[in-house]
Amino acid sequence: MRNKSIQVIVTGLVQGVGFRPFVHRIAVKHDLTGWVQNTNENVRIQVTGFPLNIERFLTSLGTESPPAALIEEISHKEMETTLFSEFNILESHDVSDEITEISPDIAVCDDCLEDIRKRGTRLDYAFVNCTNCGPRFTIIKDLPYDRDKTTMKSFAMCPDCRKEYETIIDRRFHAQPTACAICGPHYELFVKQKRISNNIDEIINHVSYSIDRGEIVMIKGLGGMHLACDAFNETAVEKLRQLKNREGKPFAVMFKSIEALKPYAHIDSVEEASLVSWRRPIVLLKKKDGINGDSLATGLNAKLKLLGIMLPYMPFHYLLFDKLKTSAIVLTSGNFSSEPILIENQEAIDQFSTHVGAVVLHNRDIYNRTDDSVVRIIGGKERIIRRSRGYVPSPVRTALNTEGIIAFGAELTNCFCVGKGQKAFLSQHIGDLQGIETAEFYENTLARFLQLFRVKPSLLAVDLHPAYISTKTGLEFGDLPLVKVQHHHAHIASCMAEHQLDEKVIGVALDGTGYGSDGNIWGAEFLLCDLNDFTRITHFDYIPLPGGDSAAEEPWRMAISYLYKVYGNNFTELQIPFLSQLDPDKVRMLIRMIDRKINCPLTSGAGRLFDCVASLLDLVQVASFQAEGPMRLESIVRNDCDERYRFTIDGTIRFDETIRGIVDDIVQGTDKSTIATKFHNTIILAIFESVTAIRQKEGISKVVLSGGVFQNKYLLEGTIEILQKNKFEVYSHATVPTNDGGIALGQLAVASKRRELQCV
Ligand SMILES: [Zn+2]
Ligand SMILES: [Zn+2]
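Cut-offs applied
- Along each chain, residue indices are assigned from 1 in the same order as the chain's sequence is written.
- Chains and ligands are labelled sequentially in the order written, the chains with letters from A and the ligands with numbers from 1.
- Where local features are concerned, this predicted model is filtered to residues with pLDDT of at least 70; where side-chain atom pairs are given and counted, the filter is 80 or more; whole-chain, interface and lining totals use all residues.
- Based on all heavy atoms of the structure, the side-chain values leave hydrogens and waters out of the count.
- Only DSSP runs of H or I covering at least 4 residues are called helices, and only runs of E covering at least 2 are called strands; the numbering of each starts at the N terminus.
- Throughout, the radius of gyration refers to the C-alpha atoms, and the reference size of a globule is 2.2 Å times the residue count to the power 0.38.
- Relative accessibility decides the category of a residue: with a 1.4 Å probe and only protein chains considered, values under 20% of the type maximum give buried, values over 50% give exposed, and everything between is partly exposed.
- Sodium, potassium and calcium take a 3.2 Å donor cutoff, other metals 2.8 Å, and in both cases only N, O and S atoms count; water is not among them, so sites may look incomplete.
- All geometry calls rest on donor angles, where a four-donor set with angles between 85 and 135 degrees is tetrahedral, four- and six-donor sets with opposite donors more than 155 degrees apart and all others between 65 and 115 are square planar and octahedral, and all else is irregular.
- What makes a salt bridge here is a side-chain nitrogen of Lys or Arg within 4 Å of a carboxyl oxygen of Asp or Glu, nothing more.
- Nonpolar cores were defined as sets of buried Ala, Val, Leu, Ile, Met, Phe, Trp, Tyr and Cys residues, with membership established by side-chain atoms within 4.5 Å.
- Throughout, a contact is declared for two residues whenever any of their heavy atoms are within 4.5 Å.
- For Phe, Tyr and Trp, where Trp contributes only its six-membered ring, two rings pair if their centres lie within 6.5 Å, and the inter-plane angle classes them as stacked under 30 degrees, edge-to-face over 60, or tilted in between.
- Criterion for a charge above a ring: Arg CZ or Lys NZ at most 6 Å from the ring centre, at most 35 degrees from the ring normal.
- Within 3.5 Å is the distance limit for a polar contact, defined as a pair of N or O atoms, with the added protein rule that one can donate a hydrogen and the other accept it, and that residues adjacent in sequence qualify only through two side-chain atoms.
- Between any two strands, at least two bridges found by DSSP are needed for them to pair.
- For helices, the fitted line uses only the C-alpha atoms of the stretch in contact; every axis is such a line through C-alpha atoms, and the angle between N-to-C directions lies from 0 to 180 degrees.

**Overview of the overall build of the protein chain**
Helix and strand counts for the protein chain come out as 23 helices and 32 strands. The C-alpha radius of gyration of the protein chain comes to 27 Å, within 12% of the 27 Å expected for a compact globule of 760 residues. Taking the principal axes of the C-alpha coordinates as reference, the protein chain spans close to 90 × 65 × 50 Å. Put simply, the protein chain has 760 residues, and 61% of those count as buried.

**Considerations on the coordination of the zinc ion (ligand 1)**
Protein coordination at the zinc ion (ligand 1): the donors are Cys-109 (SG), Cys-112 (SG), Cys-130 (SG) and Cys-133 (SG), at 2.3 Å from the metal. Coordination at the zinc ion (ligand 1) is tetrahedral: its four donor atoms span angles of 104 to 119° at the metal. Expressed as a motif, the donor residue spacing for the zinc ion (ligand 1) is C-x2-C-x17-C-x2-C. Residue Cys-112 is found in helix α3 (residues 110-115), and its partner Cys-133 is found in the loop between α3 and α4 (159-166); the two are separated by 21 residues along the sequence.

**Some words on the coordination of the zinc ion (ligand 2)**
Around a metal, the idealised angle for a tetrahedral arrangement of four donor atoms is 109.5 degrees; for an octahedral arrangement of six donor atoms it is 90 or 180 degrees. Protein coordination of the zinc ion (ligand 2) is provided by Cys-158 (SG), Cys-161 (SG), Cys-180 (SG) and Cys-183 (SG), with donor distances spanning 2.2 to 2.3 Å. Each of the four donor atoms around the zinc ion (ligand 2) contributes to a set of angles spanning 105 to 117°, which defines the coordination as tetrahedral. Sequence positions of the residues that donate to the zinc ion (ligand 2) give the spacing C-x2-C-x18-C-x2-C. Linking Cys-161 in helix α4 with Cys-183 in the loop between α4 and β6 (187-191), this pair joins segments that are 22 residues apart in sequence. In this pair, the class of Cys-161 matches that of Cys-183, namely buried.

**Here we look at the pattern of salt bridges**
Under the defined criterion, the tally for this structure stands at 36 salt bridges. For Glu-72, the salt bridge identified is with Arg-397, shortest N-O distance 2.4 Å. Taken together, the positions of Glu-72 in strand β4 (residues 70-79) and Arg-397 in strand β18 (residues 396-397) put the pair 325 residues apart, joining distant regions of the chain. The partly exposed category is assigned to Arg-397, whose relative accessible area is 22%. Between Asp-541 and Lys-565 there is a salt bridge, with the nearest N and O atoms lying 3.0 Å from each other. Residue Asp-541 is located in the loop between β26 (534-539) and β27 (543-544), and its partner Lys-565 is located in helix α15 (residues 555-567); the two are separated by 24 residues in the primary sequence. Connected through shared salt-bridge partners, Asp-111, Asp-115, Lys-118, Arg-171 and Arg-172 make up one network.

**A short note on the nonpolar core**
Judged by nonpolar contacts, the single largest core of 78 residues is most densely connected at Leu-510, Phe-540, Ile-560, Leu-563, Phe-571, Phe-578 and Ile-683. If we ignore the near neighbours within four places in the chain, the residues touching Ile-560 are Phe-571, Phe-578, Leu-579, Leu-582, Val-587, Leu-590 and Ile-591. Grouped together as the second largest cluster of nonpolar side chains are 73 residues, Ile-54, Leu-61, Cys-112 and Leu-324 included.

**Let's talk about helix α18 (residues 606-616)**
Counting buried residues in α18 gives eleven out of eleven residues, a clear majority hidden from the surface. Among the residues of α18, Ala-606, Gly-607, Arg-608, Leu-609, Phe-610, Asp-611, Cys-612, Val-613, Ala-614, Ser-615 and Leu-616 are the ones counted as buried. Looking one or two places after α18, you find Asp-618, whose phi comes out positive at around 60°.

**Some words on the packing of aromatic side chains**
If you walk through the whole model with that rule in mind, you get 19 aromatic pairs. Relative to Phe-449, the ring of Phe-137 lies with its centre 6.2 Å away and its plane at 75°, an arrangement referred to as edge-to-face. On the criterion of sequence distance, the pair formed by Phe-137 in the loop between α3 and α4 and Phe-449 in helix α11 (residues 436-452) is long-range, its members being 312 residues apart. Take Phe-137: its relative accessible area is 0%, and that puts it in the buried class. Since its relative accessible area comes to 1%, Phe-449 is described here as buried. Aromatic side chains Trp-522 and Phe-534 sit 6.2 Å apart centroid to centroid with 90° between the ring planes, which places their arrangement in the edge-to-face category. In this pair, Trp-522 sits in strand β25 (residues 521-529) while Phe-534 sits in strand β26, placing the two residues twelve residues apart along the sequence. One exposure class covers both Trp-522 and Phe-534, and it is buried. Pairwise contacts between aromatic rings join Phe-137, Phe-416, Phe-425, Tyr-442, Phe-449 and Phe-453 into one cluster. Sitting above the plane of the Tyr-367 ring, Arg-448 keeps its charged end 3.7 Å from the centroid.

**Looking at the side chain of Ser-706**
Looking at the secondary structure, you find Ser-706 in strand β31 (residues 702-706). The buried category is assigned to Ser-706, whose relative accessible area is 0%. Among the polar contacts made by the side chain of Ser-706, one reaches the main-chain carbonyl oxygen of His-491 at a distance of 3.1 Å. A polar contact is formed between the side chain of Ser-706 and the side chain of His-733, at a distance of 2.8 Å. Once residues within four sequence positions are removed from consideration, Ser-706 is found in contact with His-491, Ile-492, Cys-495, Val-508, Ala-509, Leu-510, His-733 and Thr-738.

**Here's the deal with the pairing of strand β16 (residues 374-378)**
Among the five residues that make up β16, five are buried, leaving the element largely enclosed by the rest of the structure. Alternating residues of β16 divide into Val-374, Arg-376 and Ile-378 and Val-375 and Ile-377, and every residue in both groups is buried. By the bridge criterion, two bridges tie strand β12 (residues 282-287) to β16 in an arrangement that is parallel. Looking at the pairing, Val-283 lines up with Val-375 of β16. When β16 meets strand β17 (residues 381-386), the two strands line up antiparallel, connected through five bridges. What sits directly across from Val-375, in β17, is Ile-384. Where β16 hands over to β17, the hairpin turn is made up of two residues, of which Gly-379 adopts a positive phi near 60°.

**What to know about the sheet that holds strand β5 (residues 87-89)**
Strand order across the open sheet formed by five strands is β4-β1-β3-β2-β5, with mixed pairing between neighbours. If you trace the sheet from one side to the other, it starts and ends with β4 and β5, each paired once. Mean inter-strand twist for the sheet, computed between neighbouring axes without regard to direction, equals 15°. Pairing between strand β1 (residues 4-13) and β4: nine bridges, direction antiparallel. Counterpart to Val-10 in the pairing with β4 is Ile-74. Across the face of the sheet, helix α1 (residues 19-29) comes into contact with β1, β2 (33-38), β3 (43-49), β4 and β5 while running at roughly 175° to β5.

**Brief notes about unusual backbone geometry**
Here the residue pair Val-392 and Pro-393 is connected by a cis peptide bond, since its omega of 10° sits within 30 degrees of zero. Backbone geometry places Asp-31, a non-glycine residue, at a positive phi of 60°. On the secondary structure map, Asp-31 appears in the loop between α1 and β2. With relative accessibility at 62%, the residue Asp-31 sits in the exposed group.

Shown next as structure tokens:
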């Protein structure tokens, strides 16, 4: 058999994830010689050997790559046969300003976990990592990805670590953050501002003891500080809630292992796969009830059915669970509510050490702040709700020219997005821009993304809302062409970009609020649109939003607004418990506001209709966290009821009959679960009938679903099912959040399309 030579180019996320050692391994395995090299565009390989072995090598390359690698494309061509004596990893080579990708942070791997249980310089060493695992995005300051461009720069490798780092076949070959107890970072324990210990055994003992006896501790993590306490201890959870000043918002829980969580949550194979994936997100799971004796604290999740659960992902977590008596701890962001997660050691001590039993810090700086990501499995697929650690900064691949575009995002759940080539880099979850600290985080992170990905801004995209801080930031950014994108058009465009759609579609955007082209507050929009523009075909009927933004925080206002719309002044005579609890003076004042149109903007927001129904069922009157009404309503839905209420489609989609039906059911004593389910079924049918009417007229059967309301599993699954049954092609979000965290991608897609059509 004759030797042949080929050159292979691999693109995608192939750096910082142990790709070159992997290539080396499979080349040697298949008796090939040649080399592999990182450039800042891709990974290049040249191999020489028998054709059959080259075939096998290519197969291995595509199918056996390291877990965190994400191959976009493998291309190869035959070269003149060149003989090499062995297979080598060559020095990195800078070829242009085109970057390759940066890996998100990767949960500690099994091999490294074994290392911390073995005698040696990594026994109990909590910063162990290798090319297959460890911190990445959170420590990186610039490209190319080398140790001196990360926050590991200040730690000089000891001779042993250096040797591993330079040994091609070692698991730590070119593992930039590699470290051991001799040369690497370490943890420190503070109690009441005083440094008590830097010995890991002492720290773990102290922290586990504190948690087990009901104290709260602060622990520095991968992307920021966490606050932790025993998830079974009602008093501790209550104390934590008071400390964070966070009325009702559910806390996430970290369980020791999959086995440990199974008695407390329902979990299927897809959910399990997300939980154990190297990204280690928080997965929203349905809590099991009726475990006698040792139930999780009821204060964790405000009595909702869903609970956010994750598994350990840092060596420290594993060491801690080795010692802890409890099998689950609350692990929530270390901050006071509405502020971004803390990353600075001194701030942690200053702000928290007097309030908690202990503060555990380490001296590896966090450069890029990330929260824990949140996902939910809907329709058998992982859907990202909060995109941060483990997912960012992986780009979304589009079919558009995104070069130089900055999309500034929305307001409450902000992420921004920058464009490079055909890629769109969505930022990590930033949060509510109305907080000063969060707005600072936003501006700093934007500057960093532009530098990191070498983006030269040439086009800006903002929301239509003039008062959004993101819009103002965009307008003040500089003298560049600027595109304003309507909120719900951006939602649909975001989902289209995720699926690389570039044509006319029917868009269904359901959310809470977004600024409409007519100045009203939109939120249940049926659009005929492409990436460039949209026509609003229909929407949920307008209703006064008494008190504006405060109506979203007080669902009872929406209930009154709907009752007044449907029954007029007679609504006060309805015999429903909801009304008897309200202060009649407050109700009269609200009606006066509506009559006189004082601070009563009109809204078509689907979220507000859910609020109204949640309030009528007395599930919530004053919300203690965002979207509490819709979440409570979904929480009581049943799966064995296909009844629904009446509604009217007539220019707009009207739910007057629905409200009457709900009130009648309440009067007759129908249980809340049935009413909530009938209401969900009604919305699903209203969506179906509305898009059917649009298809009949326009002949388009691609339907794109977006907006925060589609985080509702029952609603999304039901909508997809009825549409698919009726031969619609349905697109919904998976890798990009359906809530406002995904909007920047849509803004970017619209801006790109308008530039292509030369209308900016
Ligand atoms: Zn590892
Ligand atoms: Zn070392």
